[in-house]
Structure formats: structure tokens, C-alpha cells
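Structural description and commentary
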Amino acid sequence: MSPSSKDRLLVWVLRACAGLSGAIVLLIAVFLVLESLPALRNVGFARFFSDPSWHPARYAADGAYNLAPMLAGTLLAMAGAVALATPLGFCAALFCHFYAPPGLARACRRLIELLAGIPSVVYGFWGLVTLVPLLNKVQPPGASLLAGILILALMILPTIALMADGALANVPAEYLRGAAALGLSRSATIVGVVFPAAKSGLFTGVILETGRAAGETMALLMVCGNVVQVPKSLFDPMRTLTANIALEMGYALGDHRSALFVSGLVLLALIVALAAAAEWLSKGRVYE
Amino acid sequence: MSGTDGSTFLRMENLGLAYHGKPALEGVDLEIRRGAITALIGPSGCGKTSLLTCVNRLIDLVPGARAKGKVEFQGRDVLDPRADLFALRKRIGMLFQRPNPFPLSIRRNLELPLREHGLRDRAELAATVERTLRDVALWDEVKDRLEKPALALSGGQQQRLCLARALALEPEAMLMDEPCSALDPLASGAVEDLIVSLRGRVTVLIVTHNLAQARRIADDVALLWLQDGVGRLIERGPAAAFFAQPKEEITRAYLSGERG
Amino acid sequence: MSRGRAADRLLALAVWVSVLAVAAVFFWILGSLLWSGMGRVTWAFLTTAPRDAGRAGGIGPILVSTLLILGVCMAVSLPLGLGAAVLLSEFAEAGSLFGRAVRRSLDVLAGVPSIVFGLFGTALFCQALGLGYSIFAGGLTLACMVLPILIRATEEGFRSAPSEYRRAAAALGMSRASALWHVLLPAAAPGLLVGLVLGMGRALAETAALLFTSGYVDRMPESLLDSARALSIHIYDLSMNVTGGDPNACATAVVLVALLLAVNGLAAWMTGRWLSRRVLPA
Ligand SMILES: Nc1ncnc2c1ncn2[C@@H]1O[C@H](COP(=O)(O)OP(=O)(O)OP(=O)(O)O)[C@@H](O)[C@H]1O
Ligand SMILES: [Mg+2]
């Protein structure tokens, strides 16, 4: 084969690889929509939010399809976990950059990387056998929104810390030297110089983690109690959209199954919206 | 001079080059004589490297670069989009300013392009490797470490290896972009001697900032100059006349700057 | 004491307290896992089949299934990801409409929740392609999931290969195909390796996407079309659905985490070795 025809062949093979890789997202969207169609047709979009409860059945007319409590559960766990993990993650990053001696900072980063790699099912398992019984002593049943928030926060904390660490590392050293030359205290430097300079990087990291929190399944499935209701307090059990899919997909049929794909579609829309927000923010960095 | 029969090896006609629409070279008319050493001189940024990369179409690797005009080689236009680049680059080799051996063993560095151009026979490969390494006076230094990484060689040895790698393909011409400027005086002298030894066998187009070197080795000289931010050919001619009686004011000033 | 000093101390206190608290919780998690799981991890546990729904016996078939799923995942995603990464990093097409569209869709893919991959896998691989609950279906689903990670790291690898290699190869009249294969691929190997490890880590850790693609069956798989249970699923099933399954779930969790650490350690070691073998120019 001549070199030029070899190259032409190569480019086409590579294009096929790239095209196929790029098409997966479209395939996902297409299949979710296709599988959702029966439910959207037979149940209708409005009923997913106006039905009295979630009692799905094979035929739309026999069941009730209110996804709202589970959407609420997803949003509550997500918001709680992000609110809890963000300051802690920032603290860990600040610690590595400004407070810890170099050796300790390195050990700390290693530990964080290790923790970021631990599977969610392991966090969920720990929550199930350790955290839930503890909470049960405070206020039964233990498996609750609070347990979900705590476990989810632990899970996303390492990644938030890593991203914040990266954002802090990108703050130009001149800024720090300039602040030191002005005789600013450390806290004033951090609040007044470091955070503004790293702002968009920190925001992007938090938003990406918010997306991960919204999509997390196993840990929440294992510690939240999975009762379909809007939790009235932190100690009430609840069920997220993701847990609902994992629990019912195994046996769901007909419109019930299709309704689960609808909830997947809702989830995907939520994630894409968050990703778009993250991109918008990171674009903003260019013009700042 | 020996081996230069005076026939034209390559002819540039109204050659121009633009990066992202911004011209870097314009209206270059230049003939390269077969077997001669042609030195290309001029201040930094006047487009010498750009000119070389038009000849072997390495500009294709630079996104946004567009050449116009004509580079006639063996009755064909090199700039023709349908030109066979692989054959062209086999016939016209190139040596860069910074030695750039592949991160492979010394032997693989030489064998890889040979295999690429169809030489598969093991004995023949080994013979070619030895012959070209002897050609560049590297054989005795590396014959016991052919399997060692080429990047472990000194800069001067690396540059000679790169020359050997190019010569192994038996090119008709070599383009050289300041091949000595990254080397110490001793290594630089060794490479310069090798270049001189190519005279008559291989046509050489060499860029150099070192006017003394140009005087020592060149048969022909061409001066590029920046005018209004665009590189143009100011003067060209046989080396002796070029240095003794430059026609252009710019050339005279540039050459006298050599001493000043 | 000035206000600045007071604020300094307050912030330092907050940072130290929160870091210590978080570190304590994590050591608690790792410690309690090791404490109650380590004792059960024996050679017999690793090699025998589970009995009594997993309460007794070991995880032999589950380890095998996990490795098979991982194998399918990597065998599919590696060539695909490498090809896409080469196109995006080595060819001018990265800036074209096609290249930008591919990149954008990979970014979105990276954020898709694993349960959605599970839904997709069950709809496409299990049903539309008729693979049913099987190792194939699970591996293919995971392959879709790890592609963005793999591609990003491999692209980094190719970017870090010096452009001089490309120019040198082109000037010698080598085709881009051979330049890629003989020169750039070895130079980009560390990036590829990092991607491989990250992807394997993600695949090993995954549970939700496998729930209804590879399934639950805990017998030794006989073919790639058999349903099989991965380690992560085993942990989930034992702890949620089997009363009295916690001790073995814990031991399985220890094995899974150890496996992940081993993969990471191996990669670090290999990159180190690779770097030290290469002699860089002075
Ligand atoms: N890849 C590129 N993209 C855009 N502009 C370029 C590129 N390469 C070179 N140029 C521009 O083209 C002009 C000529 O550059 P060139 O490298 O050919 O000069 P040169 O004569 O070789 O300089 P030197 O003696 O310093 O090597 C310069 O103005 C340079 O900025
Ligand atoms: Mg130059």
C-alpha cells in the first residue's frame, strides 16, 4: 500500500472511531426518548407531576405516576450534600495550599485522590452498616434524607477538594507576592485575593459535582430508606429518582417501565442544564 | 567547482507564503544549481525557515499556512496539491536547527525511515546503517551501543545521526536550517566538514546566520530581507562575487555589519 | 490583638478543625472496613463459590465475572478511544465542525449519570441487540461510560509528545500512519496508560450501570453471553437484600478497594519505570 493511501485509510478509520464515540450521547438520548414515548403518550406529561401518588402499573390507566416526590428527594439530597461538601472541600484545598507543611500537604493530596476513587457502593455500604444505625439511635428509622446528605457529601468532597486545589494552583504567584508586599494578613489574602482570582474555577468545580450528586444512585439507594414521600424533616426517609430506577427497573413492564425511562430523561435534562451552566461560567473566565 | 555542472536542480518562481492570511514571504525567484551548496542568509524572522519548508512541503503541517507561486522540481510543481509528498521528501531531505532524533534506539532511528521506503532485507539494512554512520564519522563512536537510546547521545552526535538518517535515504538534495547553531564550535566544525563533503553528490540549501561559515562553504549565496514586514529576496549570486562586490546597498550594509 | 490577626486565627482554626474532622471520618470508614473485612479475606474466600445466597463461601466466580466484564469493556473502549483521541489531537480536524461536535458530545457523555447508562444499556444492548443480561451487555455499557475518560487522557498524552517528532517524520517522507505507530504512540504511552487506569478504576467501581445489564447471577459464567455478577453488585446485594450478608459484603468491599489500589499502584510504577528507561537529552 502506498503511504498516501495508507494515510487516507487511517483518517477514515479514525473518523469512524471518533464519530462512533461522539454518537453515543445521541444514541443515549434517542433510546431514552424512544423508550419514554409509550408513557408520555399513555400517561401524559402532566400526570407525572399531578397524580396523587407513585403507584405505577403496566397499563397507564391502572396506575398513578407522580414523580415529584422523588424529584424533590433528588434535589434535596443534592442541595444538602453540595452545601455541606463545598466549604469542607474548600477548606481541604486551602489546607493543602496555605496551612499544611509540604510533606503533610502531599500526603493529604494522596489521601484525597485515594478517597475520590472509592466506589460509591462502598460508601453506601459503610453508611448502611455504620451511619444508619447511629442515626437510628438519635431518631428512628435512621435511613433518611440526613443519612443520604451525609454520605453524598462524603462522596463528592474529595473531588470538590481536588478541583478547588487545581483552581488555587492556578492563582498567579504574583498576586500572592503582591498581597504579601501590602502586608495583608493570610485570611485577608485568601478572602480578598485568592478566592476572587480562583472564583470561576471553584464555581465550575462545584457545579460539576452538583451534577454528580444529582446522578448518584448506589449510596442514596442504600441509606435513604426509599419511601416515596417528600421528606418533612431531615430524619424522614425518602427516595430519589435514581434509586427509583434501580429498585424498579428489574421487574417493571409496559408503561411502568416506560415511566422509569421518563425519569431517566428528566435526570439527563437536569445534568445537561448543569453542564451548560458550568461551561457558561468557565467561559466567563476568559473575559474577566 | 567540483561536481557542479551548472544545471538547474530546482527553481522557485514568484514564491510567496502567508500564515493565516498574513504574508511572510513574497515574490521569491531563486534557482538552485545541482550539486552546489547554496547558503540562505538574512536577519531573524525574514522567512528563511519558511522558504525551506515550502520546498519539501513541510508547511502542510502548519495549520493556516498557504503557499503561492511555483517551486519547479524535475518539471513538476512541488506546490501542486496532487504532488507525491512522500517521494518528494525522500528525494529532498531536511536537517533541523535542533537535533531531533526519535526517542528510539540509534539503530531504529536509521532503520525506521528505510523500512518505510521499502527496504526490508536485514543484511541490507545493517549494511546501510553502517555505511551511513561511517559517512557521518559516527560509526566508531556508536558501533557498540546501537541499541541504546539515541537521545543519550551528545548534541553534536545527535545532529550527525540526524544527518545520517536523512542521507540513508540517498536524497538528491538536503535542506538545512541552521544545522550548526545549536552546537558547540567543535561539533559545529565536524558537521560543517560533513556538509562540505556532500558537495557534488547532494544539492544543499543551507540557512545560516554565520556569515563566516557561508563564506567558507557556499558556492552560491542568497540574501532574504524583511521589507514592510514581508520577506523578499534581495540579492543572489555566486559566493565569490556576492561577498566581493555586492550589487545592492542592503547587502553591502548587511555584510559590513559582519565586522561592525 | 488586631482584627486581621483575629480573623487569621479564626480561619486557621476553621480549616484545621474541618480538615481534621473530615480526615477522621475517612479514617473511620477505611478503618472499620478493614477491621471487619480483612479477617475474612483468605485464599479460600477469593477462590470458592458463594453459598447460601452469599452469606457463606467466597467470591471466586464473582471475581472472574468482574474481570470478564472489565475485559470486554477495555477491549471495546481502548481501540475506539485511541482512534478518537488520535483524530482529535493529531489531525487538523479537531478544529473542524465534526471535531468540535465530537468533543462537545464527549463532554456531555462524561457527565451522564451511571444509572442512565444502565437504562441505555438495557434498552440497546440487552433488548435491541438481543444480548439479554450478559457480560457482553455489561461490558459494552461500561465501555460507553469510560470512553470520555480514556479519550481525554490519551489526547493529553499525544499533546505532550514534542512536535519535533512529527516534523522529523514528515521530513523523512514517512506516512502519518507510521509516524503515529512507531514514534508518537510510544511517546504518548504514559497518557494512554493513565487513561487506561482511570477508565479501569471507573469501570471496577461501577454498580448502577450493571444492575440491569450484566445482572445478578452469582454462578461461574460459562460464556460471555451469560449473566454475571460484578464485585460491586455483590456488595450491594449482600448488604441490601440478604440478611446476615454484611460480613461477606465487607470482605468483598475490602477486595474491591484493594483491587482499585493495585491498579493505581501498578500504573504509577509502570509510568515511573518507563520514564527512567528513557534517557532525556541534556
Ligand atoms: N507557524 C507559524 N505561524 C504563524 N507565523 C509564523 C509561523 N512560523 C513563522 N511565522 C512567521 O513568519 C515569519 C518568518 O518566520 P521564519 O521562521 O521563516 O523566519 P527565519 O528567517 O527562519 O527566522 P530565524 O532566523 O529566527 O529562524 C516570521 O514573521 C514569523 O513570525
Ligand atoms: Mg528559522
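In short, a report on the structure. (Residues numbered from 1 in each chain as written. Chains lettered and ligands numbered in written order. Predicted model: local features only at pLDDT ≥ 70, side-chain atom pairs only at ≥ 80, totals over all residues. Heavy atoms only, no water.)

Time to look at the pattern of salt bridges. Considering all chains together, one arrives at 31 salt bridges over all chains under this definition. When the shortest N-O distance is used, the salt bridge between Arg 159 of chain C and Glu 155 of chain C registers 2.9 Å. In this pair, Arg 159 of chain C and Glu 155 of chain C both sit in helix H6 (residues 135-159), four residues apart, roughly one turn of the helix. Overall, Arg 159 of chain C belongs to the partly exposed group, its relative accessible area being 44%. Accessibility expressed as a relative area gives 7% for Glu 155 of chain C, which makes it buried. Taken together, the shared-partner salt bridges connect Arg 11, Glu 13, Glu 31 and Glu 72 of chain B into one network. (Salt bridge = Lys/Arg side-chain N within 4 Å of Asp/Glu carboxyl O. Helix = DSSP H or I, 4+ residues; strand = E, 2+ residues; numbered from the N terminus. Buried < 20%, exposed > 50% of the residue type's maximum accessible area, 1.4 Å probe, protein only.)

Attention shifts here to helix H5 (residues 120-138) of chain A. Residue and element names in this part refer to chain A. The end-to-end C-alpha distance of H5, which contains 19 residues, comes to 25 Å, matching closely the 27 Å that a straight helix rising 1.5 Å per residue would cover. Of all the bends found along H5, the most pronounced is centred on Gly 127 and spans about 40°. Inspection of H5 places Ser 120, Val 121, Val 122, Tyr 123, Gly 124, Phe 125, Trp 126, Gly 127, Thr 130, Leu 131, Val 132 and Leu 135 among the buried residues, and these make up the whole buried set. (Expected span 1.5 Å × (residues − 1). Bend = angle between axes of the 7 residues up to and from the residue.)

What follows covers the side chain of Thr 154 of chain C. With respect to the helices and strands, the residue Thr 154 of chain C is situated in helix H6. Contacts of Thr 154 of chain C, omitting those with residues within four sequence positions, involve Leu 82, Ala 85, Gly 191 and Leu 192 of chain C. (Contact = heavy atoms within 4.5 Å.)

Glancing now at the nonpolar core. Membership of the largest hydrophobic core comes to 189 residues, with the highest contact counts inside it found for Ile 28 and Val 122 of chain A together with Phe 102 of chain B. Considering every element that reaches this core, the biggest residue donor is helix H6 (residues 145-169) of chain A, with 16 residues. Two domains each donate at least three residues to this core, and these are domain 1 (3-38) and domain 2 (41-276) of chain C. If we ignore the near neighbours within four places in the chain, the residues touching Ile 28 of chain A are Leu 268 of chain A together with Leu 109, Val 116, Phe 117 and Phe 120 of chain C. If you look at the next biggest cluster of nonpolar residues, it comprises 45 residues, including Leu 110, Val 202, Ala 239 and Leu 255 of chain B. (Core = buried A, V, L, I, M, F, W, Y, C linked by side-chain atoms within 4.5 Å. Domains from an automatic or database assignment.)

For the rest of this paragraph, the subject is the layout of surface pockets. Empty space among the atoms can be located by rolling a probe the size of a water molecule over them. Volume-wise, the second largest pocket comes out at about 1,400 Å³. Considering the residues around the second largest pocket, the lining is formed by 43 residues, among which Asp 60, Leu 61 and Arg 89 of chain B together with Phe 91 and Arg 176 of chain C are closest to the centre. Broken down by secondary-structure element, the contributors of at least two residues to the lining of the second largest pocket are helix H1 (3-42) of chain A, helix H1 (48-55), strand S4 (65-73) and helix H2 (85-91) of chain B together with helix H3 (60-90), helix H7 (163-171) and helix H8 (176-205) of chain C. Top contributing element to the lining of the second largest pocket by residue count: H1 of chain A, with six residues. Of the residues that constitute the lining of the second largest pocket, the class distribution is 23 nonpolar, seven polar and 13 charged. (1 Å grid on protein atoms, 1.4 Å probe; cavity = no way out; pocket = protein on both sides within 12 Å on 5 of 7 lines; lining within 4 Å. Points joined across faces, edges and corners; volume = space filled by probe spheres on them. Nonpolar A, V, L, I, M, F, W, Y, C, P; charged D, E, K, R; others polar.)

Turning to the packing of aromatic side chains, a few remarks are in order. Applying the stated criterion across every chain, the model contains twelve aromatic pairs over all chains. Taking 6.4 Å as the distance between ring centres and 75° as the angle between the ring planes, the aromatic pair formed by Tyr 123 of chain A and Phe 26 of chain C counts as edge-to-face. Of the two residues, Tyr 123 of chain A is situated in helix H5 and Phe 26 of chain C in helix H1 (residues 3-37); the pairing between them involves two chains. For Phe 26 of chain C, a relative accessible area of 3% puts it in the buried group. Between the aromatic rings of Phe 9 of chain B and Phe 73 of chain B, the centroid separation amounts to 5.1 Å while the plane-to-plane angle is 50°, which identifies the pairing as tilted. Within this pair, whereas Phe 9 of chain B is found in strand S1 (residues 8-19), its partner Phe 73 of chain B is found in strand S4, the two being separated by 64 residues in sequence. Residue class for Phe 73 of chain B comes out buried when judged on its relative accessible area of 5%. Above the face of the Trp 12 of chain A ring, Arg 15 of chain A is positioned so that its terminal group lies 4.4 Å from the ring centre. (Phe/Tyr/Trp six-rings, centres within 6.5 Å; stacked < 30°, edge-to-face > 60°. Lys NZ or Arg CZ within 6 Å of the ring centre and 35° of its normal.)

With that out of the way, let us pick up the site of ligand 1. Residue and element names in this part refer to chain B. In the neighbourhood of ligand 1, the contacting residues comprise Tyr 19, Ala 24, Ser 44, Gly 45, Cys 46, Gly 47, Lys 48, Thr 49, Ser 50, Val 62, Glu 178 and His 209. Note that an oxygen atom of ligand 1 is positioned 2.4 Å from one of the side-chain N or O atoms of Ser 44. Between ligand 1 and the protein, one listed contact pairs an oxygen atom with a side-chain N or O atom of Thr 49 at 2.6 Å. The fraction of the free accessible surface of ligand 1 (630 Å²) that becomes covered by protein chains is 61%. (Near = heavy atom within 4 Å. Polar contact = N/O pair within 3.5 Å; in protein donor to acceptor, adjacent residues only side chain to side chain. Areas by Shrake-Rupley, 256 points an atom, 1.4 Å probe, with all protein chains shown as cover.)

Across the interface, H1 of chain A lies against helix H4 (residues 97-111) of chain C with an axial gap of 9 Å and an inter-helix angle of 45°. With respect to H4 of chain C, the element H1 of chain A is oriented oblique. Viewed along their axes, H1 of chain A and H4 of chain C form a crossing whose handedness is left-handed. Mapping the contact onto sequence places Arg 15, Ala 18, Gly 19, Ser 21, Gly 22, Ile 24, Val 25 and Ile 28 of chain A in H1 of chain A and Phe 98, Val 102, Ser 105, Leu 106, Val 108 and Leu 109 of chain C in H4 of chain C. Here the residues of the contact of H1 of chain A with H4 of chain C are counted per class, giving nine nonpolar, four polar and one charged. (Axes fitted to C-alpha atoms, helices over the stretch in contact; angles between N-to-C directions. Parallel < 35°, antiparallel > 145°, perpendicular 65-115°, else oblique. Left-handed = near helix turned anticlockwise from the far one by under 90°.)

Inspection of the entire model under this criterion finds five cavities of 30 Å³ or more. Taken as a whole, the largest cavity spans an internal volume of roughly 70 Å³. Around the largest cavity, the lining residues are Phe 9, Leu 10, Ile 32, Val 55, Ile 92, Ala 173, Met 174, Leu 175, Thr 203, Val 204 and Leu 205 of chain B. Among the secondary structure elements, those contributing two or more residues to the lining of the largest cavity are S1, strand S7 (173-177) and strand S8 (203-207) of chain B. Considering only residue class, the lining of the largest cavity consists of ten nonpolar, one polar and no charged. What the second largest cavity holds in volume is close to 60 Å³. Elements with a minimum of two residues in the lining of the second largest cavity: H3, H8 and helix H10 (231-241) of chain C.

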